[in-house]
Amino acid sequence: MKTIETDRLILRPFKYTDCEDLYEYAKNPHVGPNAGWKPHESIEESKAILKNFIEEDEVLAIVWKVNNKVIGSLGLHKDCFRTADNVRMLGYVLSEDYWGKGIITEASKAALAYAFTDLNLELVTVQHYAYNQRSRRVIEKCGFHYEGTLRHCTKIYNGNTYDVMCYSMTKDEWEKLYG
Ligand SMILES: CC(C)(COP(=O)(O)OP(=O)(O)OC[C@H]1O[C@@H](n2cnc3c(N)ncnc32)[C@H](O)[C@@H]1OP(=O)(O)O)[C@@H](O)C(=O)NCCC(=O)NCCS
């Protein structure tokens, strides 16, 4: 994945030196569980996740330009519900200290441009657990189309099971909205 710059952010591949910043937001119990993962319990755990990020190259670090700190991540992953080519699933998390400033909406819009131009994708999908109204709002603000809800869909690490609300945007839809 390449580096993307927006007004307030740099989205760039993770580096091993980002470990402390990653651990700082990933240990917060309000962050990971809303995206399905367990809060990090140690810096060693963050180090292992960071290694995966770097090797898999599906996730970008979100850097807040003001302080040059890594404050979250954004990924374009394989969509576990689809086998078609040229489809990726958007995912994101942000440090709780930075919620409500439009940061993930800004990052997601830039990721959509990257997905439909550089990566030449046909479809970008995104999902949220039914209760996650913040993520729902980000998805609405980006202009995704609601596809439906997979009821009783995902069981996460702590045993909780959630309905998953599914959305997508085609390249044509993106061009109409942003072209
Ligand atoms: C979801 C998350 C990524 C949103 O990031 P963000 O940068 O704060 O999002 P934005 O500021 O772009 O937009 C958030 C919107 O939610 C709204 N919002 C906040 N709390 C809300 C609530 N309880 N109910 C409904 N909307 C809410 C905000 O008002 C804002 O909408 P607005 O611009 O119309 O006012 C961030 O909260 C997060 O990392 N949460 C934990 C991990 C997570 O949920 N990841 C997504 C998994 S699908």
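Now for a description of the structure that goes with this document. Since we're looking at a predicted model, the values are computed, not measured.

A look at the overall build of the chain
Then, number 1: When its secondary structure is counted, the chain shows 5 helices and 8 strands.
Then, number 2: Put simply, the chain runs from its N terminus to its C terminus through helices and strands in the order β-β-α-α-β-β-β-α-β-α-β-β-α.
Then, number 3: For 179 residues, the compact-globule estimate of 2.2 N^0.38 gives 16 Å, and the C-alpha radius of gyration of the chain, at 16 Å, lies within 12% of that figure.
Then, number 4: Referenced to the eigenvectors of the C-alpha coordinate spread, the extents of the chain come out at roughly 40 × 35 × 30 Å.
Then, number 5: Of all 179 residues assigned to the chain, the portion counted as buried reaches 45%.
Then, number 6: Long-range pairs, those at least 24 residues apart, make up 62% of the contacts in the chain between residues at least 6 apart in sequence.
Then, number 7: For the chain, the accessible surface area stands at approximately 9,400 Å², while carbon and sulfur atoms represent 48% of it.
Then, number 8: Each charge class in the chain can be summarised by its mean position, and for the 23 positive and 26 negative side chains these summaries are 3 Å apart.

Digging into the site of the ligand
Then, number 1: Around the ligand, a shell composed of 23 residues is seen, among which Gly 100, Gly 102, Thr 105, Arg 137 and Lys 141 lie nearest.
Then, number 2: The separation between an oxygen atom of the ligand and a polar side-chain atom of Thr 105 is 2.5 Å.
Then, number 3: Lys 141 places a side-chain nitrogen or oxygen 2.6 Å from an oxygen atom of the ligand.
Then, number 4: Taking 960 Å² as the accessible area of the ligand by itself, protein coverage stands at 75%.
Then, number 5: Those elements that provide at least two residues to the shell around the ligand are β5 (87–94), α3 (103–116), β6 (123–129) and α4 (133–142).
Then, number 6: Counting residues per element, the shell around the ligand draws most heavily on α4, which supplies 6 residues.

Re the packing of aromatic side chains
Then, number 1: In total, this model carries 8 aromatic pairs according to the counting rule given.
Then, number 2: Here a set of aromatic residues connected by ring pairs shows up, and it is made of Phe 116, Trp 174 and Tyr 178.

Some points on the side chain of Asn 28
Then, number 1: With respect to the helices and strands, the residue Asn 28 is situated in the loop between α1 (19–26) and α2 (43–56).
Then, number 2: Taking relative accessible area as the criterion, Asn 28 reaches 16% and is therefore assigned buried.
Then, number 3: For Asn 28, the side chain forms a polar contact with the side chain of Glu 96, separated by 2.8 Å.
Then, number 4: Beyond its immediate sequence surroundings of up to four residues, Asn 28 is in contact with Pro 33, Pro 39 and Glu 96.

Section: the packing of α1 against α2
Then, number 1: Running from N to C, α1 and α2 cross one another at 115°; their axes reach a closest spacing of 9 Å. In terms of orientation, α1 lies roughly perpendicular with respect to α2. Of the two elements, α1 crosses α2, and the hand of that crossing is right-handed. Contacts between α1 and α2 pair Cys 19, Glu 20, Leu 22 and Tyr 23 from the former with Ile 43, Ser 46, Lys 47, Leu 50 and Phe 53 from the latter.
Then, number 2: Considered class by class, the residues forming the contact of α1 with α2 number 6 nonpolar, 1 polar and 2 charged.

Quick word on the sheet that holds strand β3 (residues 59–64)
Neighbouring strands of a sheet are bound in pairs by backbone hydrogen bonds; such pairs are parallel or else antiparallel.
Then, number 1: With mixed pairing, 8 strands are arranged side by side in an open sheet as β1-β2-β3-β4-β5-β6-β8-β7. Two strands bound the open sheet, and with one partner strand each, they are β1 (4–5) and β7 (145–155).
Then, number 2: Of the strand pairs in this sheet, β5 and β6 are connected by 4 bridges, and their pairing is parallel. The partner of Met 89 across the bridge, within β6, is Thr 125.

Regarding the pattern of salt bridges
Then, number 1: This structure, assessed with the given rule, holds 13 salt bridges.
Then, number 2: Linking Glu 106 and Arg 8 is a salt bridge whose minimum nitrogen-to-oxygen distance equals 2.7 Å. Taken together, the positions of Glu 106 in helix α3 and Arg 8 in the loop between β1 and β2 (9–13) put the pair 98 residues apart, joining distant regions of the chain.
Then, number 3: Overall, the relative accessible area of 28% leaves Arg 8 in the partly exposed class.

Rules behind the numbers
Residues numbered from 1 in each chain as written. Predicted model: local features only at pLDDT ≥ 70, side-chain atom pairs only at ≥ 80, totals over all residues. Heavy atoms only, no water. Helix = DSSP H or I, 4+ residues; strand = E, 2+ residues; numbered from the N terminus. Rg over C-alpha atoms; globule rule 2.2 N^0.38 Å. Buried < 20%, exposed > 50% of the residue type's maximum accessible area, 1.4 Å probe, protein only. Contact = heavy atoms within 4.5 Å. Areas by Shrake-Rupley, 256 points an atom, 1.4 Å probe, with all protein chains shown as cover. Lys, Arg positive; Asp, Glu negative; His and termini not counted. Charge placed at Lys NZ, Arg CZ, Asp CG, Glu CD. Near = heavy atom within 4 Å. Polar contact = N/O pair within 3.5 Å; in protein donor to acceptor, adjacent residues only side chain to side chain. Phe/Tyr/Trp six-rings, centres within 6.5 Å; stacked < 30°, edge-to-face > 60°. Axes fitted to C-alpha atoms, helices over the stretch in contact; angles between N-to-C directions. Parallel < 35°, antiparallel > 145°, perpendicular 65-115°, else oblique. Left-handed = near helix turned anticlockwise from the far one by under 90°. Nonpolar A, V, L, I, M, F, W, Y, C, P; charged D, E, K, R; others polar. Pairing = 2+ DSSP bridges. Salt bridge = Lys/Arg side-chain N within 4 Å of Asp/Glu carboxyl O.

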